[in-house]
Amino acid sequence: MKLENAIAVRKNKTIYRENDKCIKVFDNDYSKADVLNEALNQARIEETGLNIPKISQVTMIDGKWAIETEYIEGKTLAQLMEENPEKIEEYLEKFVDLQLTVHSKTCPLLNKLKDKMNRKISATSLDATTRYELHTRLEGMPKHNKVCHGDFNPSNIIVAQSGELYIIDWAHATQGNASADAARTYLLFCLSGKENIAKKYLDLFCKKSDTAKQYVQKWMPIVAASQSVKDNEEEKDFLLSWVNVVDYE
């Protein structure tokens, strides 16, 4: 198969459009287990009834693993926010409502968020005392089994021409505590230099979900530590400054 219409290039992968299909092609050195886990996550999420592009096949193209899904015509919510800054509040309302819809679902076969976070904390370059504090904090957090996207940000929401919202990129999906998912979304806004939107998002999430802001903030050092294992040098100092704040209250 000759793919020519690249619509996005990400670290370790390129996304193409072929008629009504979207094909995500992973680099040669990308873990087979991670590709298959992403496809399995997406297939399991399909069963929850959430609006997501349906998988049609997992295949190999020129020796590289690829996931083929239906193509959703539209713009990302991130694009719309850039194009219509006066509508930020309206878009954030839809964004938070959609995230709460995700959190209203359960999917018993997904990996557990706490297990993933524990592995990530162990893999950080943090000193043993800090890792111990983070593991202890994580263990003390309430155990939930809600679907958590793990990378819920406006660039992963496609607004179709009908106005329907679709959620893409389920590589990091787990089941666990929704406030951990919200803490990651807040962090992602901050990492992209949008602290003002991050604050509005957190206020809105806590209001709509009737969650204490301090409760979400308790997850932030844990989430920042798990994000730091990506070894993005530009993010590292910022993330580690969060990890070292023991309490936000």
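Residues numbered from 1 in each chain as written. Predicted model: local features only at pLDDT ≥ 70, side-chain atom pairs only at ≥ 80, totals over all residues. Heavy atoms only, no water.

Q: Would you mind showing me how to read the packing of helix α8 (residues 213-228) against helix α9 (residues 233-243) here?
A: Relative orientation and spacing of two packed helices are given, respectively, by the angle between their axes and the distance between those axes. Running from amino to carboxyl end, α8 crosses α9 at an angle of 150°, the nearest separation of the two axes being 8 Å. In terms of their interaxial angle, α8 and α9 are classed as roughly antiparallel. Between α8 and α9 lies a crossing of left-handed hand. Contacts from M220, P221, A224, A225, Q227 and S228 of α8 reach α9 at E235, K236, L239, L240, W242 and V243. (Axes fitted to C-alpha atoms, helices over the stretch in contact; angles between N-to-C directions. Helix = DSSP H or I, 4+ residues; strand = E, 2+ residues; numbered from the N terminus. Parallel < 35°, antiparallel > 145°, perpendicular 65-115°, else oblique. Left-handed = near helix turned anticlockwise from the far one by under 90°. Contact = heavy atoms within 4.5 Å.)

Q: Got a minute to help me understand the pairing of strand β5 (residues 64-70) in this structure?
A: Taken residue by residue, a regular strand's side chains alternate between the two faces of the sheet. By the bridge criterion, five bridges tie strand β3 (residues 21-26) to β5 in an arrangement that is antiparallel. Within β5, the residue paired with V25 across the bridge is A66. Bridge count for strand β4 (residues 55-61) against β5 is six bridges, and the pairing is antiparallel. Pairing of V58 across the sheet is with I67, part of β5. Where β4 folds back on β5, the antiparallel hairpin that results is connected by two residues, among which D62 adopts a positive phi of roughly 50°. (Pairing = 2+ DSSP bridges.)

Q: Can you walk me through the side chain of H103 in this structure?
A: Summarising the element assignment, H103 is placed in helix α3 (residues 88-103). Given a relative accessible area of 6%, H103 falls into the buried group. Side-chain polar atoms of H103 contact the side chain of D181, separated by 2.9 Å. When residues no more than four places from it in sequence are discounted, the contact partners of H103 are K146, V147, A178, D181 and F205. (Buried < 20%, exposed > 50% of the residue type's maximum accessible area, 1.4 Å probe, protein only. Polar contact = N/O pair within 3.5 Å; in protein donor to acceptor, adjacent residues only side chain to side chain.)

Q: Would you explain the sheet that holds β3 in this entry?
A: Strand-to-strand pairing in sheets goes through backbone hydrogen bonds, with the strands running parallel or antiparallel. Sheet architecture is open: five strands sit in the order β1-β2-β3-β5-β4, paired in antiparallel fashion. Here the strands that pair on one side only, and so sit at the sheet edges, are β1 (6-10) and β4. Taking each pair of neighbouring strands and ignoring which way they run, the sheet shows an average axis angle of 20°. Bridging between β1 and strand β2 (residues 13-18) involves four bridges; their strand directions are antiparallel. Each residue of the ladder has a partner; that of V9, found in β2, is T14. Where helix α1 (residues 32-46) meets the sheet, its contacts fall on β3, β4 and β5, and the angle it forms with β5 comes to roughly 15°.

Q: What am I meant to see in the nonpolar core here?
A: Counting 55 residues, the largest nonpolar core has L92, F95, W170, Y201 and W219 as the members making the most contacts within it. Ignoring sequence-local partners within four residues, the contact set of F95 consists of L77, F152, N153, P154, I157, T185, F189 and Y201. Counting residues in hydrophobic clusters, the runner-up holds six residues, among them L3, Y16, V25 and I61. (Core = buried A, V, L, I, M, F, W, Y, C linked by side-chain atoms within 4.5 Å.)

Q: What exactly am I supposed to notice about the packing of aromatic side chains here?
A: Here the structure, examined in full by the defined rule, presents eight aromatic pairs. Geometrically, the ring pair formed by F95 and F189 is edge-to-face, given 5.9 Å between the ring centres and 65° between the ring planes. Taken together, the positions of F95 in helix α3 and F189 in helix α6 (residues 178-191) put the pair 94 residues apart, joining distant regions of the chain. Of the residues examined, F95 reaches a relative accessible area of 1% and is grouped as buried. Between Y201 and F205, the ring centres sit 6.1 Å apart and the planes meet at 35°, which makes this aromatic pair tilted. (Phe/Tyr/Trp six-rings, centres within 6.5 Å; stacked < 30°, edge-to-face > 60°.)

Q: Even after reading the chapter, I still don't get α6, so can you show me in this structure?
A: One turn of an α-helix holds 3.6 residues; hence residues three or four places apart share an orientation. Given a rise of 1.5 Å per residue, 14 residues ought to cover 20 Å, and the 20 Å separating the end C-alpha atoms of α6 matches this to within 8%. In terms of residue burial, α6 counts as a mostly covered element, since 13 of its 14 residues are buried. Structurally, the start of α6 carries an N-cap: the backbone nitrogen of S179 is 2.9 Å from a side-chain oxygen of N177. Backbone geometry just after α6 places G193 at a positive phi near 80°. (Expected span 1.5 Å × (residues − 1).)

Q: In this structure, what is going on with the sheet that holds strand β6 (residues 74-76)? I would like to understand it.
A: As summarised here, the arrangement of the three strands in space is β6-β8-β9, forming an open sheet in which the pairing is antiparallel. What marks the edges here is a single partner per strand, and that holds for β6 and β9 (165-167). Sheet twist, expressed as the average angle between the axes of neighbouring strands with direction ignored, equals 30°. The sheet contact formed by β6 and strand β8 (residues 157-160) spans three bridges and is antiparallel. Each bridged residue has a counterpart across the sheet, and for G74 the counterpart in β8 is A160. Together, β8 and β9 form the strand contacts of α3, whose direction differs from that of β9 by roughly 55°.

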